[in-house]
Every structure is written in C-alpha cells, then in structure tokens.
Amino acid sequence: MQIMRANEFNDQYVREKFSKTFVDGFGEDLRYFTEDKEKLAKALEHIFILENFYITVVDEDIAAITFCTNGDKLAIQHNKKELRKNLGWLKGTIANVVFKKEFQKPPVKTGDKIANIGFVATAEKYRRQGMASTLMNYILSLPQYETFLLETIADTNTSALQLYKNLGFKEIKRTKQKHTKFSGINYYIDMAYKKNG
C-alpha cells in the first residue's frame, strides 16, 4: 500500500481509476444524472484537479481518495461540453449548474495552517479494510497544517461521520436542507480537527 498525490500516480489510466473510485463513493448522490456507474465515471473523468487529491494505491489500483489543500484551490473544474457529451444535453446542462453551485464555491475558512478536506471515498472492493482511515491519518500528519476542516457531510452518511469522529473530528456546524423529501438528507454537517486539541 502506498499513499501519494493523485497526479504522481504513474498510470495511463489514472483518471479512469480515480473516477471509478469517486463514483463508488458518491455515485448514489449523483444517480439523478445516471444510474449507470460506468457512464457516470466516464462523464466525470475530466473534472478532477488531480494535484489537489491524495490517493491510497494497492497493487496498481486506486483504493481510496481524498481532496486536501489549504483552501485556495478547487477539487473540481468541469467542462460543460464534456458533461453534455456523456450525460446528454439536458442532464449535462443540469450537471453543469449543480457542479458550479456545489463544487466551485469558496471554502468556509482558509489560511496557511488550515486544510480543507473533501471527497473522501473508498473503492467498493477495498471497503472495510481501513483504506480511508489510513489515508486520513496520513493527511492529519501533514506538517504544514494544524487545523483540518470537513464540509457538507450528509447526515445520512453515517459510516463517514463515524470514521471522522473516531479520528477526532468534532461537529462545528449543522445546516438544515430544504429538499429533504427528494434528497433524503436532513442536514449537512461541518467538522473540524485540531492537532493541539
């Protein structure tokens, strides 16, 4: 097992493998656009800014991913034409609007010693093997950061919330959602971890 930045993974299929891991983690949240996981992964391959992600690699495969920067960089930069090509004109257009709103807004806090973490996901075949916790422990040991923030975790994502609590994250904010009936999500939760308490 090895942990590295995603753009350092020397594999010609890095984007394909990365996108499949992302869809394993978040495909359920994006099923409106398509329930076909292969199609969704293909549509999303282009969106990730790989130098801002860390990955766990097992046997030349991407087992877990997470975004981590000091808050001045984006995780995702999508192309509307590419989304339309893969998802169809209507759903691609809607994805463009949703992704701009959800993925390209500024983080809650920024600063030299503050890390923003997001998009923590584990590939399906590596679940319950400690891949995400190993990756998160690596991130929490990075010397350039003292505070780590996780934003907008769905309250329905109980396994992720438990992982973060076990790592020492504390809830700092809870935001009620307007469209609970459609999304199934009641609240989005923000959490923080400080190295010195």
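Residues numbered from 1 in each chain as written. Predicted model: local features only at pLDDT ≥ 70, side-chain atom pairs only at ≥ 80, totals over all residues. Heavy atoms only, no water.

Novice: When you look at the packing of helix H3 (residues 80-87) against helix H4 (residues 89-103) in this model, what are you seeing that I'm missing?
Specialist: Working note: a packed helix pair is described by the angle between its axes plus the distance between those axes. Where H3 meets H4, the axes come as close as 7 Å, and the angle between the chain directions of the two elements is 140 degrees. Between H3 and H4, the angle is such that the two are oblique. As for how H3 packs across H4, the hand of that crossing is right-handed. Along the contact surface, H3 presents Lys80, Leu83, Arg84 and Leu87, while H4 presents Trp89, Lys91, Gly92, Thr93, Ala95, Asn96 and Phe99. (Axes fitted to C-alpha atoms, helices over the stretch in contact; angles between N-to-C directions. Helix = DSSP H or I, 4+ residues; strand = E, 2+ residues; numbered from the N terminus. Parallel < 35°, antiparallel > 145°, perpendicular 65-115°, else oblique. Left-handed = near helix turned anticlockwise from the far one by under 90°. Contact = heavy atoms within 4.5 Å.)

Novice: Any chance you could explain unusual backbone geometry here in plain terms?
Specialist: Across residues other than glycine, the phi torsion is negative in most instances, and most of the peptide bonds are trans. The phi dihedral of glutamate 60 falls on the positive side, at around 65 degrees, and the residue is not glycine. Following the sequence through the fold, glutamate 60 ends up in the loop between strand E2 (53-58) and strand E3 (61-69). Residue classification places glutamate 60 among the exposed positions, given a relative accessible area of 51%. Its identity as a non-glycine residue notwithstanding, threonine 152 has a phi of 50 degrees, on the positive side. Inspection of the secondary structure assignment puts threonine 152 in strand E5 (residues 147-154). (Buried < 20%, exposed > 50% of the residue type's maximum accessible area, 1.4 Å probe, protein only.)

Novice: What's the story with the nonpolar core in this structure? I'm lost.
Specialist: Proteins that are soluble and globular tend to have nonpolar side chains buried together. Among the nonpolar cores identified, the biggest contains 32 residues, and Phe18, Leu44, Phe48, Ile55, Phe99 and Phe119 are the most heavily contacted of them. Counting only elements with at least two residues in this core, the list comes to helix H1 (14-26), helix H2 (37-44), E2, E3, H3, H4 and strand E4 (114-122). With five residues, the top contributor of residues to this core is H1. If sequence neighbours within four positions are ignored, leucine 44 has contacts with Ser19, Phe22, Val23, Leu30, Leu83 and Phe99. Listed in part, the 30 residues of the second largest apolar core include Leu150, Ala160, Tyr164 and Leu167. (Core = buried A, V, L, I, M, F, W, Y, C linked by side-chain atoms within 4.5 Å.)

Novice: How do you make sense of the sheet that holds strand E7 (residues 187-194) when you look at a structure like this?
Specialist: Either a parallel or an antiparallel arrangement is found when strands of a sheet pair, and the pairing is made through backbone hydrogen bonds. The seven strands lie next to each other as E1-E2-E3-E4-E5-E7-E6, forming an open sheet whose pairing is mixed. On the outer flanks of this sheet lie strand E1 (2-5) and strand E6 (170-176), each paired with one strand and no other. Going across the sheet, the axis of each strand differs from the next one's by a mean of 25 degrees, ignoring polarity. Pairing geometry for E5 and E7, over six bridges, is antiparallel. By the bridge assignment for E7, leucine 149 is matched with alanine 192. Relative to the sheet, helix H6 (residues 158-167) contacts E4, E5 and E7, its axis offset from that of E7 by approximately 20 degrees. (Pairing = 2+ DSSP bridges.)

Novice: I tried to follow the layout of surface pockets on my own but got confused; where do I start?
Specialist: Unfilled space is identified by rolling a water-sized probe across the atoms. There is about 160 Å³ of room inside the second largest pocket. Around the second largest pocket, the lining comprises 14 residues; the ones closest to its centre are Gly27, Glu28, Arg31, Glu35 and Lys37. Among the secondary structure elements, those contributing two or more residues to the lining of the second largest pocket are H1 and H2. Broken down by element, the residue count for the lining of the second largest pocket peaks at four residues, all from H1. Taken together, the residues that form the lining of the second largest pocket break down as three nonpolar, three polar and eight charged. (1 Å grid on protein atoms, 1.4 Å probe; cavity = no way out; pocket = protein on both sides within 12 Å on 5 of 7 lines; lining within 4 Å. Points joined across faces, edges and corners; volume = space filled by probe spheres on them. Nonpolar A, V, L, I, M, F, W, Y, C, P; charged D, E, K, R; others polar.)

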